[in-house]
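A look at the structure
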Amino acid sequence: EDQVTQSPEALRLQEGESSSLNCSYTVSGLRGLFWYRQDPGKGPEFLFTLYSAGEEKEKERLKATLTKKESFLHITAPKPEDSATYLCAVQEKGGKLIFGQGTELSVKP
Amino acid sequence: EAEVAQSPRYKITEKSQAVAFWCDPISGHATLYWYRQILGQGPELLVQFQDESVVDDSQLPKDRFSAERLKGVDSTLKIQPAELGDSAMYLCASGGAGANVLTFGAGSRLTVL
């Protein structure tokens, strides 16, 4: 059964304190690994797609990396506006996304 | 920027009542998804459409939930009767042909009393 597990469930950082979020997965046929950001009461907003081990993508203070079994979302010098829930998902061959439970990030000034 | 439209944004109902949610995907997107997200959890797929056809509804509780996309454009998700455990955010997403990225709407928050 395809499965996505994210850790930690919650992360509290001080502004400027860099850290990483983990997403481990098992899937029979990976089409891609996705990272989404979700603000309270809103729908998920697309951040990155990674397709093969070794691939990396960056956007502002965020950098996503992928291995054969997990992905990391690195946050460098975070700001309070980076506070959100970060969702990881794997895409199956049929196109649907299987999501993890998310990591709730809080960045304090 | 093109968006996925959903309504209503918020719905409060009593158990045993019927509720319906509407979704208008990005123009031209053939694939449409309904997800349910319980507070503190990740979204879970309820139903996937390709044009007007259901591709996957294996996780849809068919005794009380129904979904349709009659003309292959907008879609409606219905719950009848609603139960307390149905309280959640109902998210609609769409994807274009050959495109892997799903774009989500703002969601419909359901509270069942």
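Above: the structure in question.
This one's a predicted model, so the numbers in the text were calculated from it and none came from an experiment.

1. What about unusual backbone geometry?
Of note, the amide linkage connecting Ser7(A) to Pro8(A) takes the cis form, showing an omega dihedral of -10°. Along the polypeptide, Pro8(A) turns up in the loop between β1 (3–7) and β2 (10–14). In this structure, Pro8(B) follows Ser7(B) across a cis peptide bond, with omega equal to -10°. Its location among the elements puts Pro8(B) in the loop between β1 (5–7) and β2 (10–13).

2. Looking at the nonpolar core
Among the nonpolar cores identified, the biggest contains 23 residues, and Leu33(A), Trp35(A), Leu73(A) and Tyr86(A) are the most heavily contacted of them. When contributions to this core are tallied by element, the ones reaching two or more residues are β2, β3 (19–26), β4 (32–38), β5 (45–50), β7 (62–66), β8 (70–75), β9 (84–91) and β11 (103–108) of chain A. The leading source of residues in this core is β9(A), at four residues. Ignoring sequence-local partners within four residues, the contact set of Tyr86(A) consists of Gln6(A), Leu21(A), Trp35(A), Tyr36(A), Arg37(A), Leu47(A), Leu62(A), Leu73(A), Gly102(A), Thr103(A) and Leu105(A). Residues Phe21(B), Ile26(B), Leu60(B) and Val112(B) belong to the second largest nonpolar core, which totals 20 residues.

3. Comments concerning the sheet that holds strand β7 (residues 65–68) of chain B
Residue and element names in this part refer to chain B. Pairing is antiparallel in the open sheet, where four strands are placed in the order β1-β3-β8-β7. The sheet terminates laterally at β1 and β7, the two strands that pair on one side only. Shown here is a sheet whose adjacent strand axes are inclined to one another by a mean of 15°, direction ignored. As judged from the five bridges shared by strand β3 (residues 19–24) and strand β8 (residues 75–79), these two strands associate in the antiparallel manner.

4. Observations concerning the interface of chain B and chain A
If you look at the interface, chain B gives 19 residues, while chain A gives 20 residues. Both sides together, the interface formed by chain B and chain A hides about 1,400 Å², and carbon and sulfur atoms give 50% of it. Taken together, the links from chain B to chain A amount to one salt bridge. Between Lys96(A) and Asp56(B) there is a salt bridge; the shortest N-O distance is 3.0 Å.

5. Let's talk about the pairing of strand β6 (residues 56–59) of chain A
Residues in a regular strand project their side chains so that they alternate between the two faces of the sheet. Residue and element names in this part refer to chain A. Note: β6 against β7, four bridges, orientation antiparallel. Bridge assignment links lysine 57 to a residue of β7, and that residue is alanine 64. Counted along the chain from β6 to the antiparallel partner β7, the turn is two residues long, and its residue glutamate 60 has a positive phi close to 55°.

6. A look at the layout of surface pockets
Counted as a void, the largest pocket has a volume near 560 Å³. Lining the largest pocket are 25 residues, and of these Gln38(A), Thr85(A), Glu104(A), Leu39(B) and Gly40(B) sit closest to its centre. Secondary-structure elements contributing two or more residues to the lining of the largest pocket are β2, β9 and β11 of chain A. With four residues, the top contributor of residues to the lining of the largest pocket is β11(A). Looking at the lining of the largest pocket residue by residue, the classes come out as nine nonpolar, 10 polar and six charged.

Parameters and conventions
- Residues numbered from 1 in each chain as written.
- Chains lettered and ligands numbered in written order.
- Predicted model: local features only at pLDDT ≥ 70, side-chain atom pairs only at ≥ 80, totals over all residues.
- Heavy atoms only, no water.
- Helix = DSSP H or I, 4+ residues; strand = E, 2+ residues; numbered from the N terminus.
- Core = buried A, V, L, I, M, F, W, Y, C linked by side-chain atoms within 4.5 Å.
- Buried < 20%, exposed > 50% of the residue type's maximum accessible area, 1.4 Å probe, protein only.
- Contact = heavy atoms within 4.5 Å.
- Pairing = 2+ DSSP bridges.
- Axes fitted to C-alpha atoms, helices over the stretch in contact; angles between N-to-C directions.
- Buried area = accessible area lost by both parts, 1.4 Å probe.
- Salt bridge = Lys/Arg side-chain N within 4 Å of Asp/Glu carboxyl O.
- 1 Å grid on protein atoms, 1.4 Å probe; cavity = no way out; pocket = protein on both sides within 12 Å on 5 of 7 lines; lining within 4 Å.
- Points joined across faces, edges and corners; volume = space filled by probe spheres on them.
- Nonpolar A, V, L, I, M, F, W, Y, C, P; charged D, E, K, R; others polar.

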